[in-house]
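Architecture and fold: a report
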2 protein chains.
Amino acid sequence: MKLNEEQLSFLKNLIEPARIQIRDEIGEDYSHDELGGVYGYPDVLIKVVSTGEISQIMTYAYEQDIPVVVRGAGTGLVGAAVAVRGGIMLETTLMNHILELDEENLTVTVESGVLLMELAQFAEEHQFLYPPDPGEKSATIGGNISTNAGGMRAVKYGVTRDYVRGLTVVLPNGRVERFGGKIVKNSSGYSLKDLMIGSEGTLGIITEAILKLVPLPDKSVSLLVPYKKMEDAIGTVPEIIKLKTTPTAIEFMEREVLLFAEEFLGKKFPDTKSSAYLLLTFDGNSASQVEGEYEKVARYCLEHGAEDVFIVDTPERKDSVWSARGAFLEAIKASTSEMDECDVVVPRNRVADFIHFTHDLSRKHDIRIPSFGHAGDGNLHIYICRDELKENLWKQKLTEVFAEMYEMAMRLGGAVSGEHGVGYAKKKYLEDQLGEVQIEIMRGIKKVFDPKGLLNPEKVI
Amino acid sequence: MKLNEEQLSFLKNLIEPARIQIRDEIGEDYSHDELGGVYGYPDVLIKVVSTGEISQIMTYAYEQDIPVVVRGAGTGLVGAAVAVRGGIMLETTLMNHILELDEENLTVTVESGVLLMELAQFAEEHQFLYPPDPGEKSATIGGNISTNAGGMRAVKYGVTRDYVRGLTVVLPNGRVERFGGKIVKNSSGYSLKDLMIGSEGTLGIITEAILKLVPLPDKSVSLLVPYKKMEDAIGTVPEIIKLKTTPTAIEFMEREVLLFAEEFLGKKFPDTKSSAYLLLTFDGNSASQVEGEYEKVARYCLEHGAEDVFIVDTPERKDSVWSARGAFLEAIKASTSEMDECDVVVPRNRVADFIHFTHDLSRKHDIRIPSFGHAGDGNLHIYICRDELKENLWKQKLTEVFAEMYEMAMRLGGAVSGEHGVGYAKKKYLEDQLGEVQIEIMRGIKKVFDPKGLLNPEKVI
């Protein structure tokens, strides 16, 4: 939707010139997200600075029937923060203040534009850990909450949802409401807080969050475990879980992706001789406990097909391993002309089946499908690479491969998205997964919050 | 609502005679819950045995506009499972099967009528822990999920919500849907699973649940710490949290309540000389880690006003302490002619303020207000006792005391209910807390699930 001159001047009067851009002034970056598969320009871009300001804008937009989309750092992969119907884009990165650390309640209160890496560092400096640890550290916390981001530590610590205690939200009509609070328990009506989490900016605008912290574990050690075959590596994971140790993270990675990351970063990975790797982390407050856990797991792996076990405990090795892990997405992107992604989650004991299936698909459709992901929690990041394919053939293969993949994920008891969300790109697959009844319930809920359908239209459902 | 003869014979044809009771056949127990403040008989009581059967009943009830209320073990305290509008009551305690233990995915799948104590025991026998640990062990899991029960271990492990991975739900119109699954992460549309949790049987009927387990910690030790004054005991808790240890539970208890429990159980508590006690638990897989934690805390307590520290590590002592803790509610109930309860939750560092306030209220209104609860997570269980008061005066004092208590809880950043729920008895206070906008959103959500308002009518909102 195009705003008219009256609407534009209302907004220009409300917002200081440095924070508002109109039409051609808006940079190309704002027409897409990190993956770039969904395009669309907003008519107006506003770099918002406060809950009150957002409330004023929403009150007006609601009155005037103007669509609004909220964008954090733009690191999404499914087009959730793209203005597919034009209108107003609210960009939250100036709302980047950490408002309070409450050591008695173990909470930190932040504005939604704070970046994950800023929060992580702040917590560590105060001897706390904010456990959710998605690969993309430059995402905003608001974005993490909106997709219920999971990250690597979900095996032990759970996902973003588990760390959100309270939210300040601007509703589509401009009303400011608080859901939850600093409280640990809550059984006071339907959990609107939990409805907001993972709703990808379609129900309300998250402006502040009260997040739970945990004491920083004293000790953290990783194991890098090479295998001859990916299926063997991943197949070990449910057995590791049955050992009743509690790894913080269990990631899987294949040589191809490691080599891309080496090239992308210009940094060597400790070992790239094997074709598949598990990367496990253990943390805790007692060195003996952490050692006990990782030694038990290392022994098990060596007795069950691992080619070696590298202990990652020096700062250099940790940096080399985790910076590679953090660069996988960018590295794969740099390896091809165009790509699309699949973020399914399956039960942990079906990950090996699923990866095996993607290998078959790759051969069947003659298309490159590198992957990496969270073997410990069943969340896979799978990339379908265009490489040299012509437009038509690429679209056709992508459609076929996606159809088969999402169908297999459902058959294994999985879901469309583990942490990236549904956004614009995965709506069809969500509908296939959930079926008409659940989609209709979700549409009903959307209508309760946003009867005019103005907030992030055409997303999720 | 009274069912007509045609409706009754339909149900009698559907359900075998041993599992259906009509009108006068229904026992007095089914007219109220554990606390007994809310009364009402259903017209028909059906002891249901399967999801399919519930679906059939709901399909018919929906068609015929018959209200339905679901009841588990009837241990609720706010009237949520009382048939205030008559109709059909579905009782779930025959649905008490543990369906699957999946050690690779760390999940257990149960029917909703399984009792908490049955699940806890089953998990332990297989060397797992189901962390949620409400005091009432004979509640059903379905009831626990419906109130998002918290329990004692919430300080370290969180609440029921954090352990529900998937739900099978019969919607008001009879449709069977599955929300979530065995998956650890999920970012696939609005979390209908989290909407069901804590909805007190108003949105759908939970028939099966996939629950998360954790490996059973090898070691668990409690500390019983006596203080001269309750405010000093509770005031220590935020400081203990700041020590960056992670207690599993931090309970507070006062001498009066301990003496009731001793009398009620006919068993001695290890110490009743002091007027206030903290009970802390520490668990973990390494004895040295657990010892390190509790020694640090014991030292801190002794240096900051504790009169002593008793280590509770023998089976006898554990039994004596925890059986007393489990009997508090019954013991207080037995000490008075009638009572009502307040289950507010406040930020952990405001618990001492709140308890101090209840002491003032008790003096001001000349009424006995014993309490106990979860100092570590801010959830208080406060009982207003009628004792010898005449009906009129009791009602008047109760109303005044409640009004002041809930207002204070809000002022401290708290909520109406930490874990017992809103049900029928606390609706007014929920409305006061949340305000019109949030209540209207909740009513809208209710309508999406249950347009005819037939499932557990007049509850929560």
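Residues numbered from 1 in each chain as written. Chains lettered and ligands numbered in written order. Predicted model: local features only at pLDDT ≥ 70, side-chain atom pairs only at ≥ 80, totals over all residues. Heavy atoms only, no water.

As annotated in an unreviewed UniProt entry, chain A carries the name FAD-binding protein and is attributed to Faecalicatena faecalis.

As for the relation of the copies chain B and chain A
Note on the identical chains: chain B maps onto chain A by a rotation of 180° and an axial translation of 0.0 Å, with an RMSD of 0.0 Å. Here the two chains are linked by the operation of a two-fold rotation axis. A share of 100% of interface residues in chain B that are also interface residues in chain A marks the association as one of identical surfaces. (Least-squares fit on C-alpha atoms with pLDDT ≥ 70 in both. Contact = heavy atoms within 4.5 Å.)

Comments concerning the domain arrangement of chain A
Residue and element names in this part refer to chain A. You can read the domains of chain A as domain 1 (5-91), domain 2 (98-215) and domain 3 (219-329). Taking only C-alpha atoms, the centre of domain 2 and the centre of domain 3 are 28 Å apart. Listed per partner, the contact involves seven residues of domain 2 and 11 residues of domain 3. Summing both sides of the interface, domain 2 and domain 3 together bury roughly 740 Å²; the carbon and sulfur share of this comes to 61%. (Domains from an automatic or database assignment. Buried area = accessible area lost by both parts, 1.4 Å probe.)

So, the sheet that holds strand 5 (residues 98-102) of chain B
Residue and element names in this part refer to chain B. Within the open sheet, the five strands sit side by side as 5-6-10-8-9. Their pairing is antiparallel. Each edge of the open sheet is held by one strand with a lone partner, namely strand 5 and strand 9 (176-180). Strand-to-strand, the axes of this sheet are offset by a mean angle of 15°, without reference to chain direction. The pairing of strand 6 (residues 107-111) with strand 10 (residues 205-212) spans five bridges and is antiparallel. (Pairing = 2+ DSSP bridges. Helix = DSSP H or I, 4+ residues; strand = E, 2+ residues; numbered from the N terminus. Axes fitted to C-alpha atoms, helices over the stretch in contact; angles between N-to-C directions.)

Quick word on the side chain of B:S199
Among the structural elements, B:S199 can be located in the loop between helix 6 (192-196) and strand 10. Polar contacts involving the side chain of B:S199 include one to the main-chain carbonyl oxygen of B:M196, which spans 2.7 Å. Not counting residues within four places of it along the chain, the set of residues in contact with B:S199 comprises A:Y190, B:S146 and B:V460. (Polar contact = N/O pair within 3.5 Å; in protein donor to acceptor, adjacent residues only side chain to side chain.)

Regarding the UniProt feature "domain: FAD-binding PCMH-type" (unreviewed entry) in chain A
When the UniProt feature table is mapped onto this chain, "domain: FAD-binding PCMH-type" (unreviewed entry) is found at residues 38-216 of chain A. Split by type, residues 38-216 of chain A is 21% helix and 26% strand. Its first and last C-alpha atoms lie 39 Å apart. (UniProt positions renumbered as here; feature names shortened; annotations may be inferred.)

Observations regarding the pairing of strand 5 of chain B
Residue and element names in this part refer to chain B. Two strands pair when backbone bridges link them, and strand 5 and strand 6 are joined in this way by four bridges, in the antiparallel orientation. Bridging from a neighbouring strand, I98 pairs with V110 of strand 6. Count of turn residues in the strand 5/strand 6 antiparallel hairpin: four residues, of which L106 carries a positive phi of about 55°.

Here we look at helix 12 (residues 351-365) of chain A
Residue and element names in this part refer to chain A. Here helix 12 is 15 residues long and its end C-alpha atoms lie 21 Å apart, about the 21 Å a rise of 1.5 Å per residue gives. Along helix 12, the residues classified as buried are V351, A352, F354, I355, F357, T358, L361 and H365. Residues of helix 12 that are buried sit in contact with helix 7 (230-242), strand 13 (249-254), strand 17 (371-374), strand 18 (379-385) and helix 13 (391-411). With its phi angle positive at about 50°, D366 sits one or two positions after the end of helix 12. (Expected span 1.5 Å × (residues − 1). Buried < 20%, exposed > 50% of the residue type's maximum accessible area, 1.4 Å probe, protein only.)

Some words on the interface of chain B and chain A
Chain B puts 82 residues into the contact, and the matching count from chain A is 82 residues. Interface area, chain B with chain A, both sides summed: about 6,400 Å², of which 59% is carbon and sulfur. Our count for the chain B to chain A interface comes out at six salt bridges. In this structure, B:D194 and A:R161 form a salt bridge, with 3.3 Å as the shortest nitrogen-oxygen distance. Where the side of chain B that touches chain A is concerned, the elements lending two or more residues are strand 9, helix 6, helix 7 (230-242), helix 9 (287-303) and helix 13 (427-449) of chain B. Top contributing element to the side of chain B that touches chain A by residue count: helix 13 of chain B, with 12 residues. Grouping the amino acids of the side of chain B that touches chain A by side-chain chemistry returns 31 nonpolar, 32 polar and 19 charged. (Salt bridge = Lys/Arg side-chain N within 4 Å of Asp/Glu carboxyl O. Nonpolar A, V, L, I, M, F, W, Y, C, P; charged D, E, K, R; others polar.)

Looking at the pattern of salt bridges
Applying the stated criterion to the full structure yields 74 salt bridges over all chains. A:K228 is paired through a salt bridge with A:E307; the nearest N and O atoms lie 3.6 Å apart. Within this pair, whereas A:K228 is found in the loop between strand 12 (219-227) and helix 7, its partner A:E307 is found in the loop between helix 9 (287-303) and strand 15 (310-312), the two being separated by 79 residues in sequence. For A:E307, a relative accessible area of 38% gives the class partly exposed. Note that B:E256 and B:R368 form a salt bridge whose closest N and O atoms lie 2.9 Å from each other. Taken together, the residues span a long stretch of sequence, with B:E256 in helix 8 (residues 255-265) and B:R368 in the loop between helix 11 (351-365) and strand 17 (371-374) at a distance of 112 residues. Residue classification places B:E256 among the partly exposed positions, given a relative accessible area of 30%. Within the structure, one salt-bridge network assembled from shared partners comprises A:R161, A:K193, A:D194, B:R161, B:K193 and B:D194.

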